[in-house]
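Commentary on secondary and tertiary structure
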Amino acid sequence: MPELPEVETVARGLQREIAGQKILSISLGKTDFIDNPDVLERELPGRTIVRVERYGKFMLLRLGPVNASAVNGETALLVHLGMTGALMPRPVSEPHAKHTHVVMALSDGRELRYVDPRRFGRMAYLDGEVLTQELQRFGADPLDVGLPEFERRIQRRKARVKALLLDQRVLRGVGNIYADESLWKARIHPAQLGARLKPAQVRQLYSALQKILQKAILLRGSSISDFVDAGGVPGEYQQHHRVYGREGKPCPRCKTPIRRIVVAGRSSYFCPNCQASPRRKSGRRKKSRRGRGKA
DNA sequence: CTCGATCCCTGGACGC
DNA sequence: TGCGTCCAGGGATCGA
């Protein structure tokens, strides 16, 4: 499940591997994850991939102009890997993997292939004002954002802090794994409301999030199911997960069994001891659960 | 503004 | 071995 560190890893690999390559041709399989497949077929052949960047969980393949005298603005191919997407250059001689939906022939003789079994990804060719507007939909990059802005985006919000971390309009790039790991490190319960966080907690969350993301990038991301980078190499950060996917296992800090609950519609792993449960409104405490067993 | 529900989609886990 | 069933999960969308 590619989040910021995994996408960063893939983007760096692609920058190294395919920057400067020209797209000679494109062929599409299933296209229901592509904004405008006909535009891709029309616009991409002949264009050069100038560089590859990460933007939140997107990769931006920045494209050169149609021709030397063209004055069209910035143009880019946006690629979101969704849950199971992979974008990597392969030799033509290698058979296409199952669920290969986009194949671009490159000028160095290889093919840039997009493979995505579940097709939760997204691909779009965007330019000019449309590109600008699309990018503006997203919040701050968690690695670049300063503490004051981070505080402003979290502190007086009524939503649960987990939902805020996952909301790409608040911060771009954080997903379920790194949200849970950061909340554990900062000792904050995922269901706590942003507005109820103490200033010190917001600072701890800010620091925890950046440290965890940076370390995860160094380790080339987390390989949970089958994530591999642009060269086919898995990441190693999954070996450093403290809570994610560890229901029932002891908290690395206090040995209390890790619990899993659903917050903001997502699995959330946390330590019920280290990450204090948000205080409920008075009048309805847990004692009213009498008789209602565990199933 | 925030929430939950629903859908998208396939492979993997599980039960028999 | 081969079914059927359940479920994960980022994001869009809709209704409350």
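Okay, so let's go over this structure. (Residues numbered from 1 in each chain as written. Chains lettered and ligands numbered in written order. Predicted model: local features only at pLDDT ≥ 70, side-chain atom pairs only at ≥ 80, totals over all residues. Heavy atoms only, no water.)

1. Remarks on the overall build of chain A
As a reminder, the rule being used: Every helix listed is a DSSP run of H or I at least four residues long, and every strand listed is a run of E at least two residues long, numbered separately from the N terminus. Only protein chains enter the area calculation, which uses a 1.4 Å probe; residues under 20% of their type maximum are buried, those over 50% are exposed, and those in between are partly exposed. The criterion used for residue contact is that any of the two residues' heavy atoms lie within 4.5 Å. Using a 1.4 Å probe, accessible areas were evaluated by the Shrake-Rupley method; residue-level cover was limited to the displayed protein chains.
Assigned secondary structure in chain A consists of seven helices and ten strands. Across the 295 residues that make up chain A, the buried fraction comes to 49%. Put simply, of all contacts in chain A between residues at least 6 apart along the chain, 63% involve residues at least 24 apart. For chain A, the exposed area adds up to about 15100 Å²; of that, 48% sits on carbon and sulfur atoms.

2. Focus: the sheet that holds strand β1 (residues 23-28)
Worth spelling out the cut-off: Two strands are said to pair when DSSP picks up at least two bridges between them. Think of each axis as a best-fit line through the C-alpha atoms, taken over the contacting stretch in the case of a helix, with angles from 0 to 180 degrees between the N-to-C directions.
The strand order across the open sheet built from four strands is β1-β6-β7-β5, with neighbouring strands paired in antiparallel fashion. With one partner strand each, in any of the chains shown, β1 and β5 (86-91) form the two edges of the open sheet. Averaged over all neighbouring strand pairs, the angle between strand axes comes to 20°, with direction disregarded. Bridge count for β1 against strand β6 (residues 100-106) is five bridges, and the pairing is antiparallel. Each residue of the ladder has a partner; that of Ile26, found in β6, is Met104. Its contacts with the sheet put helix α1 (residues 4-18) on β5, β6 and β7 (110-115), and the angle it makes with β5 is roughly 30°.

3. With respect to the protein's contact with DNA strand B
For clarity, the cut-off: Only a single heavy atom is needed: when it lies within 4 Å of a molecule or strand, its residue is near that molecule or strand. Pairing of N or O atoms within 3.5 Å defines a polar contact, subject to two protein rules: one partner must be a possible hydrogen donor and the other a possible acceptor, and residues neighboring in sequence count only if both atoms are side-chain atoms. In the scheme used here, Gly and all other residues not listed as nonpolar or charged are polar, with Ala, Val, Leu, Ile, Met, Phe, Trp, Tyr, Cys and Pro taken as nonpolar and Asp, Glu, Lys and Arg as charged.
Residues in contact with DNA strand B, as listed here, are Lys30, Asp32, Lys98, His99, Pro117, Arg118, Arg119, Phe120, Arg157, Lys158, Ala159 and Arg160. For DNA strand B, the backbone makes up 74% of the atoms found within 4 Å of the protein, where backbone means sugar plus phosphate. Contact between DNA strand B and Asp32: a phosphate oxygen at 3.4 Å from a side-chain N or O atom of the residue. The side chain of Arg119 places a nitrogen or oxygen atom 3.2 Å from a phosphate oxygen of DNA strand B. Of the residues assigned to the surface near DNA strand B, the class counts are three nonpolar, one polar and eight charged.

4. So, helix α3 (residues 128-136)
Quick note on the threshold: The directions from the helix axis to the C-beta atoms form the arc being described.
By the burial criterion, the buried members of α3 are Leu131, Glu134 and Leu135. One side of α3 carries all its buried residues, which in axial view fall inside an arc of 95°. In this structure, α3 carries Glu129 and Gln136 as exposed residues pointing more than 90 degrees from its buried face. In this structure, the buried side of α3 is in contact with β2 (49-55), β3 (58-63), β4 (75-80) and β8 (122-127).

5. As for the sheet that holds β2
Pairing is antiparallel across the open sheet formed by four strands, whose spatial order is β2-β3-β4-β8. The sheet is open, and its two borders are formed by β2 and β8, each paired with just one other strand. Each adjacent strand pair in this sheet contributes to an overall mean axis angle of 20°, direction not counted. α1 rests against β2 and β3 of the sheet, and its axis sits at about 170° to β2. Sheet strands touched by α3: β2, β3, β4 and β8. Its angle to β8, the strand with the most contacts, is close to 130°.

6. As for the protein's contact with DNA strand C
Residues in contact with DNA strand C, as listed here, are Lys57, His80, Met83, Arg118, Phe120, Arg137, Gln168, Asn176, Tyr244, Arg260, Arg266 and Ser267. Here the atoms of DNA strand C within 4 Å of the protein split so that 51% fall in sugar or phosphate, with bases taking the remainder. One nitrogen or oxygen atom from the side chain of Lys57 is found 3.2 Å from a phosphate oxygen belonging to DNA strand C. One of the side-chain N or O atoms of Ser267 is found 2.9 Å from a phosphate oxygen in DNA strand C. Across the surface near DNA strand C, the residue classes tally to three nonpolar, four polar and five charged.

7. So, the nonpolar core
Stated precisely, the cut-off is as follows: Residues grouped as a nonpolar core are buried Ala, Val, Leu, Ile, Met, Phe, Trp, Tyr and Cys residues, joined through side-chain atoms within 4.5 Å.
Within the largest apolar cluster, 39 residues are counted, with the highest numbers of intra-cluster contacts made by Phe150, Leu165, Leu171, Tyr178, Ile188, Leu205 and Leu209. Those elements that place two or more of their residues in this core are α4 (147-154), α5 (161-166), α6 (176-185) and α7 (199-218). The element best represented in this core is α7, accounting for nine residues. Residues within four places of Leu205 in sequence aside, it is in contact with Phe150, Val161, Leu165, Ser182, Leu183, Ala186 and Ile188.

8. Quick word on the pattern of salt bridges
Inclusion rule: Any Lys or Arg side-chain nitrogen found within 4 Å of a carboxyl oxygen on Asp or Glu counts as a salt bridge.
Enumeration over the complete set of coordinates arrives at 20 salt bridges. A salt bridge links Glu8 to Arg12, with the nearest nitrogen and oxygen atoms 2.8 Å apart. On the criterion of helical spacing, the pair formed by Glu8 and Arg12 is a turn pair, its members being four residues apart in helix α1. The exposure class assigned to Glu8 is buried, which follows from its relative accessible area of 15%. Notably, a salt bridge pairs Asp108 with Arg110, separated by 3.0 Å at the nearest N-O pair. By relative accessible area, which is 22% here, Arg110 ends up partly exposed. Three or more residues are tied together by salt bridges with common partners; here these are Glu8, Arg12, Arg54, Asp141 and Arg172.

9. Quick look at the pairing of β8
Counting buried residues in β8 gives five out of six residues, a clear majority hidden from the surface. Pairing geometry for β4 and β8, over six bridges, is antiparallel. Within β8, the residue paired with His80 across the bridge is Arg122.

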